[in-house]
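# Structural overview for review
One-letter residues, chain by chain:
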Amino acid sequence: MASASSSTSIIPPQPPRSPYTYHVFLCFRGPDTGNGFTSHLHAALRRKGIITYKDDKNLRVGDVISDELVKAIEESMFAVIVFSPDFASSSWCLDEVCKIIDCKNKLLLQMVEVFYHVEPCEVRHQIGTFHEAFLKHKREGRHESEKVQRWRDALKQVTKHSGWTSKNQPDEAALVENIAQHIFELLIPKLPSSMKNLAGIESRMKQVISQIGLGFNDVRYIAIWGLGGIGKTTIARAVFETIRSRFEVSCFVADVRQHFEKQGISGVQKQLLKQMKIISSDADYIDKYDGSITIQTSFHGKKVLIVLDDVSHEDQLESFTEKDWFGPGSRIIITTRNKEVLKQQERHETYNVTGLVESEAFNLFCSKAFKQPEPLEGFWDLSKEVVDYCSGLPLALKVLGSYLKDRPIAIWHSAIQKIKSSSHSDIIDVLKISYDGLDSMEKNIFLDIACFFKGYEKEEVIKILEGCGRNAEIGIDILTNRSLITLEVDEIDLYKRAYLGMHDLLEEMGKQIVVQESPNDASKHSRLWCYKDIDSILNQKKRIGATQSIVLYDKTGWDITSEWRAFSFSNIWQLKLFILDGVKTRGHCNIPCTLKSLNKLEHLNLFNSKKLKQIPDLSGVPNLKTLNLERCRELNYIHSSLVHHKSLVELNLRECNRLETLGDKLEMSSLKKLNLFNCTGLRRLPEFGECMKQLSTLNLFGLFDKRSDARDCSGFLLSHGCLAGLKKLELTGCRPRELSRILFRTHGLVSLSVIGWFESEGIATFFDSLSHLTSLTSLKLNACFHTSEEAEEPTPYYDLSRLALLTDLELVENYYLRVPINIHQLPRLTRLELTDCSKLEVLPELPSSLRELHAQYCDSLDASNVNDAISKACCVFAESAPRDHEDILQMCISGKEIPAWFENQEEDNGVSVSFPRNCPSTDTVALALCFQFEGDDTRDILDVLVICNGNEFINQGSLNMKYAGNGDLGIICMNSYYLSKLLCQHNRFQLITPYNHEVVERCGARWVCKQDIQGFKKKRSKRKRRTTF
C-alpha cells in the first residue's frame, strides 16, 4: 500500500500555469507497464476528467526524446513517473526524467512518483536492476559520461520526494484509484473556478470550510442560514467547488424546495440520482421508497459531499437524515431561510450569512451599474447612497445596479427617494424599484413568470404569453438584462433547453404585488395560482372581473374534488388564460360542466389531466384560440360545439387515445393547427368543411396504423378542401399511390413527414408528385423503402432535383443497398439523416451545401466507401465554405476504425495538431478531425463539445453530434475562419461530454489544403471521363 506520507504530503501553493494542454504527463517504460499498470492509471485519470498525455505512438525512437514529448512535458501541470524494474534501461525514460526536473525548477511542474515493483532506495542509489542498467549504458558507450551523470543526479533528486509504492499493496486496483484521487485533489484547486472574482465570497467560503471539519471521519450536517438574497447559494457553490475533490462522490442539488413542491420528496431524490447518472436523464417519476433504497445502496460506505440548496421544510430532508447511509467523513450541507428547519435536524454547525461589508457591496454595485470597479464622475455620492440602503444584500445590489445602468442622474435621485420612503429593512420594497421602472407589458410578463412560469421552458412560455398578446421574446430579454430573471440551461437535459429562473425574493415580490391588488379578497386578484384561492372564488356566486389568468400545476397532495363538476366559470368573465397541467381529480371532469359568458378566455390548457373524461359546451367561450388536451388519456367525449368553433386556431389532441369521435364534420374556419397524433381510438374521422381553408399544420402520426386504414387516410384528406393551404403534413400508413394524389392537391407544402406504408406499388408516382412540391424545405421518409435481398432488379433511382429549397432530408430505418435519390443535386441541402439503414452499403454523393450527416447504425456500410466519402466531403466543404465567418461540417457515421486519410492519429481522447510546415498558411483551408467513439450500449445519449488546449473551441450550441454508445466515427471539419482562433503553433483537440464521460478511444486529424482539393477534382474528372466513354 502507498505510504501514508505519500498521500498526505503538502505541496505549497504555486501560481497557476497558463496556458497548458495537459493536466498530467505519464512517464513510464512501455514494455514494463504500458499495457498494464500505467494503462489502468491512465484510464482512472481519464474517468475523473483529467486530461492525460500517454505516449501510445512509440515516439521514443532514436537517441533523444522527440520534440512532441518535450512539448507535452512543458505543457503539463503534473508529471507522474512510474519507476519499474527496467525503467533505467531506457535512455528515453531517463531523458524524460531530466526534462521533468528541468520543468519543475523553471515552470513549477509538479511531480508524483510511483515505485512499481521496485524500492525507492534502488532508484535513489542506483542499485539492483538500476545498477545493472547503468553498467550496460557504460559498456555500450553510446552516451557521454556527462549525460549519464545527469541521469544519476536526476534520479537522486526525484527520489527526495516521498512517493507511492506497490510493494505492500496487493490490491493494484486500489493503488491505481488512490493515486488518481490524490492527483485529482491536487488538481481541482488549480483549475479556474466559476465562482472567482465574486464580491465577499472568499472570506465567507473559508469560514464555512473551517466549520465543516474536513479532518474528522464522522458524518456531519452543516447549515448555511440567512436572509433571502444574502448569498447562501453562492457561498454553498463556492465551498462545493473548493472541497469536492476530497470526496468520492459529490453532488449539488439546487432548488430543493421547488422540486419538493412539484413531486414531493421523490422529486428531490430524482434530481440527485439524475445528476449522479444513477437513473436515466429522461426518467419522469421515481417512487420515494425506491428512491430512498437507491440512495442508500449507491452511497453506502462512500465518502460523499451533498449540498441541498434552498430547503424550506424538514420534510425535504427525509431521505438524507440517516447517517449510516453515508460513509465516514461524509458531509451534507443545507442552505435555508427557515430557521425552524434547523431545529428539527441534527447538525454540527450553522453558518449565519451576513451582508457584504461596505467595500464589497460598493464593488458589486459598480460592476452592475458601470461595468467597472468605480462609479463614473458625478455618481460617487449617489452610488454610496444606494449601497447604504441595500444593507449589503447582494441581490438588491445586483438588481438596482442593473436598473440604474446608463440612466440619467434624475432617475437616480428618483430611485433613492423611493428607497428612503420604504422601510429600511424591507428589501422587497427596494427590489420593487426595478419593477416600477418597467413598462406595462414588461410588468405583466414579470408577474406571469413570478406567479406561473418560474422554472419552465423559455420557448414554451414565450408561445403561451405571445398567445395572450404579450411581446414575450423582447420582454424576457429585457427582464434578463435587468437581473430580474435568469436563463438557466439544465445540464441533464439532452437538448440543452433554456429554462426561466428567478430568485425566490423576486418571485415573492411578484406574488405580493398581485396579492396587494386586494389583500383580503382573492376574487380581485389578476392572477390565481393557489388551489385554495381558486377553490374559494369558485364558491362565490358574484361576478368576478379582475381575474384574467388561472394556472394550476400538478403538485403533490392536490386532489380536486368532484364538487368542481358543478361549478361554472361563467362568473369569471375576464378570464383569458386557464391552465390545469397534470392535476389529479376524483371525479369524472375537472373543469366545469358549462363554460358560459367567458368572452375573454383565449387559452385553455388541460395538459395531462389524468382523469379528465369530458369537455363541456364551448359555445360560451367564443374567443378561445388554443385548446390543449394533450395526454388526457381518459378523455372520451368532447361536446359537439367544438367542431363549429369559429375562433379556435390550435387544437391539440395528441395521445387522447380513448377519444372515439370528433363529430361528423369540422366547421372551424380559423383552425390552423390540428394534432391527432396517436389518437388510435378514433373510430372514424370527421369531414372537413369548405371553410377549413386556414389549416396549415396537420399531424396524423399513428392514426392509421393498420393495413385496413391505409385507404382511409387518403380518402380522409382527398374528400375535403383543406389541402390547398397546408404547410406541414405528418402521417403514417398511406399507400404511395394514394399519397401522391394528396400531394398533387397541395400547393405550398413546406414540411412533409411520412413513416411507413404498407406496399411498394406506386412509389414512382409518389416521387413524381414530390418533385412538384418546389416550396418543400423538410422531407422525412422513414421506413418507406423495403428492398428485398432476393430482388433481382436494382432499386430505382428518383430525381428530386426540382426541390431547390430542400434543406433537411431524413431517410431513417429504410432497407435499401443504396440511397435511391440524387442527393448531390439538392443545392441547399444542409442536413441528411440515414440512421438505422442497416442494409445500406454505400453513402451517396453529397452536395457542397451539406453541413450535417447522420449515418449511425448503418452496419453494412463498406469501409472503403466510408473512407472515400469522408475525404470527399471534407474537400468539398473546404472548397465551398465561407471565409468571413465560422462554418463547420459534422458527420456521424458507422465505422470500426479511423480512415487512413487522417494522417495524424492517437490512441486517446484527443489529438495534437501542429500547423503544417509543408503547406503555406494561405493554402490551408480547413482542419478535419475524426473521433472513434467507444461502443457501450449501456450509456445514455450524451451531448459533446470540442475543446482545444483545455478551452471550449466548438460549443454545444454549434454541434448536433451526440454520443449514443454505438462505436461510430464522429467527423468535424472546420473552415479557415475557425483556424484564425488558433493562437499556438501546436494545439491539442479533444471531444468531451459535459460530465467528462470517456466516450472516445482514438482520434485523428488532417489539414485540408488546396492541393488536396485539386487532387480530389482530378479524380472526379477522371471518373466522369470513364463514365462518358
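No experiment lies behind these values; they were computed from the predicted model shown.

## A look at the overall build of the chain
Across its full length, the chain holds 31 helices and 43 strands. Counting every position in the chain, which comprises 1029 residues, the buried fraction comes to 54%. Pairs at least 24 residues apart make up 69% of the contacts formed inside the chain by residues separated by at least 6 positions. Split by element, the accessible area of the chain, about 45,200 Å² in all, is 48% carbon and sulfur.

## Things to note about the packing of aromatic side chains
Taken as a whole, this structure holds 23 aromatic pairs when the rule is applied. Taking 5.5 Å as the distance between ring centres and 15° as the angle between the ring planes, the aromatic pair formed by phenylalanine 83 and phenylalanine 115 counts as stacked. Pair noted here: phenylalanine 83 is in strand β3 (residues 76-83) and phenylalanine 115 is in strand β4 (residues 110-115), with a separation of 32 residues, a long-range link. Look at phenylalanine 115 and you get buried, because its relative accessible area is 2%.

## Quick notes on the packing of helix α12 (residues 256-263) against helix α13 (residues 265-275)
Axis separation between α12 and α13 bottoms out at 6 Å; the angle between their running directions is 125°. Taken as axis vectors, α12 and α13 run oblique relative to one another. In this structure, α12 crosses over α13, and the sense of that crossing is right-handed. For the pair formed by α12 and α13, the contact residues are Val256, His259, Phe260 and Gln263 on the first element and Ile265, Ser266, Gly267, Val268, Lys270 and Gln271 on the second.

## A word on the pattern of salt bridges
In the structure shown here, the tally under the stated rule is 33 salt bridges. In this structure, the salt-bridge partner of glutamate 75 is lysine 71, at a minimum N-O distance of 3.2 Å. By relative accessible area, which is 14% here, lysine 71 ends up buried. The salt bridge partner of glutamate 833 is arginine 831, with a shortest N-O separation of 2.3 Å. The two residues glutamate 833 and arginine 831 agree in class, both being buried. Three or more residues are tied together by salt bridges with common partners; here these are Arg257, Asp310, Lys454, Glu507 and Lys511.

## Here's the deal with the side chain of lysine 71
Within the secondary structure, lysine 71 sits in helix α4 (residues 67-74). Leaving out residues up to four positions away in the same chain, lysine 71 has contacts with His986 and Asn987.

## A look at the sheet that holds strand β9 (residues 331-336)
Paired through their backbone hydrogen bonds, the strands of a sheet run either parallel or antiparallel. Taken together, five strands build an open sheet; the order of strands is β7-β8-β9-β6-β10 and the sheet is parallel. Looking at strand neighbours, the two that pair on one side only are β7 (249-253) and β10 (349-352), the edges of this open sheet. Recorded for the sheet is a direction-independent mean angle of 10° between the axes of neighbouring strands. As paired strands, strand β6 (residues 220-225) and β10 are joined by four bridges and run parallel to one another. Opposite tryptophan 225, over in β10, you have asparagine 352 as the bridge partner.

## Some points on the nonpolar core
Core analysis: the largest hydrophobic core is formed by 119 residues, its most contacted members being Leu629, Leu653, Leu752, Phe767, Leu770, Leu834 and Ile893. Top element by residues in this core is helix α29 (residues 863-880). It accounts for nine residues. Of all hydrophobic cores here, the second largest spans 81 residues; its members include Val208, Phe370, Ile513 and Trp529.

Rules and cut-offs
Residues numbered from 1 in each chain as written. Predicted model: local features only at pLDDT ≥ 70, side-chain atom pairs only at ≥ 80, totals over all residues. Heavy atoms only, no water. Helix = DSSP H or I, 4+ residues; strand = E, 2+ residues; numbered from the N terminus. Buried < 20%, exposed > 50% of the residue type's maximum accessible area, 1.4 Å probe, protein only. Contact = heavy atoms within 4.5 Å. Areas by Shrake-Rupley, 256 points an atom, 1.4 Å probe, with all protein chains shown as cover. Phe/Tyr/Trp six-rings, centres within 6.5 Å; stacked < 30°, edge-to-face > 60°. Axes fitted to C-alpha atoms, helices over the stretch in contact; angles between N-to-C directions. Parallel < 35°, antiparallel > 145°, perpendicular 65-115°, else oblique. Left-handed = near helix turned anticlockwise from the far one by under 90°. Salt bridge = Lys/Arg side-chain N within 4 Å of Asp/Glu carboxyl O. Pairing = 2+ DSSP bridges. Core = buried A, V, L, I, M, F, W, Y, C linked by side-chain atoms within 4.5 Å.

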